[in-house]
Amino acid sequence: MKQILLDWWRIVRSVLSAFLGVQNEHSRQRDFASDSPWPFIIAGVVLALILVIALVLIVHVVLASG
């Protein structure tokens, strides 16, 4: 179980680094050597949705206070 959590944490960290454009070469090569791209795709979509929802909530709060 602990290994699965570490793997998911590594995937989330990798996707966040890719979002920011700061992923190093070692991490990129490790990610591309993985068996399946699906965990990275799923993590990317989920994190993108979280970003959009957070931005919508921030805009609602700012407009409501004005």
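All values derive from a computational prediction rather than experimental measurement.

**Some words on the UniProt feature "transmembrane region" (unreviewed entry) in the protein**
- Per the UniProt record, "transmembrane region" (unreviewed entry) is annotated on residues 40–63.
- Summarising residues 40–63: 100% helix, 0% strand, and an end-to-end C-alpha distance of 34 Å.

**Side note on the pattern of salt bridges**
- Counting across every chain of the model gives three salt bridges.
- The partner of Arg10 in a salt bridge is Asp31, and the shortest N-O contact between them spans 3.2 Å. Here Arg10, found in helix H1 (residues 2–20), pairs with Asp31, found in helix H2 (residues 25–32); they are 21 residues apart in sequence, far enough to count as distant.
- The residue Arg30 makes a salt bridge to Asp31 at a minimum N-O spacing of 3.8 Å.
- Overall, Asp31 belongs to the buried group, its relative accessible area being 9%.

**Thoughts on the environment of Ser14**
- Here Ser14 lies in helix H1.
- When its relative accessible area of 7% is taken as the criterion, Ser14 is described as buried.
- For the pair Ser14 and Ala48, spaced 34 residues apart in the sequence, the C-alpha separation amounts to 14 Å.
- Excluding anything up to four places from it in sequence, Ser14 contacts Gln23, Asp31 and Phe40.

**Let's talk about the layout of surface pockets**
- Here the largest pocket defines a volume of roughly 220 Å³.
- Lining the largest pocket are Ser14, Val15, Ala18, Phe19, Gln23, Arg28, Asp31, Phe32, Ser34, Ser36, Pro37 and Phe40.
- If you list the elements that add at least two residues to the lining of the largest pocket, you get H1 and H2.
- No other element matches the four residues that H1 contributes to the lining of the largest pocket.
- Taken together, the residues of the lining of the largest pocket break down into six nonpolar, four polar and two charged.

**Some thoughts on the nonpolar core**
- Counting five residues, the largest nonpolar core is built from Ile11, Val15, Phe40, Ala43 and Leu47.
- Ranked by the residues each element gives to this core, the list is headed by helix H3 (residues 38–65), at three residues.
- Ignoring any residue separated from it by four or fewer positions in sequence, one finds Ala43 in contact with Ile11 and Val15.

Cut-offs and rules
- Residues numbered from 1 in each chain as written.
- Predicted model: local features only at pLDDT ≥ 70, side-chain atom pairs only at ≥ 80, totals over all residues.
- Heavy atoms only, no water.
- UniProt positions renumbered as here; feature names shortened; annotations may be inferred.
- Helix = DSSP H or I, 4+ residues; strand = E, 2+ residues; numbered from the N terminus.
- Salt bridge = Lys/Arg side-chain N within 4 Å of Asp/Glu carboxyl O.
- Buried < 20%, exposed > 50% of the residue type's maximum accessible area, 1.4 Å probe, protein only.
- Contact = heavy atoms within 4.5 Å.
- 1 Å grid on protein atoms, 1.4 Å probe; cavity = no way out; pocket = protein on both sides within 12 Å on 5 of 7 lines; lining within 4 Å.
- Points joined across faces, edges and corners; volume = space filled by probe spheres on them.
- Nonpolar A, V, L, I, M, F, W, Y, C, P; charged D, E, K, R; others polar.
- Core = buried A, V, L, I, M, F, W, Y, C linked by side-chain atoms within 4.5 Å.

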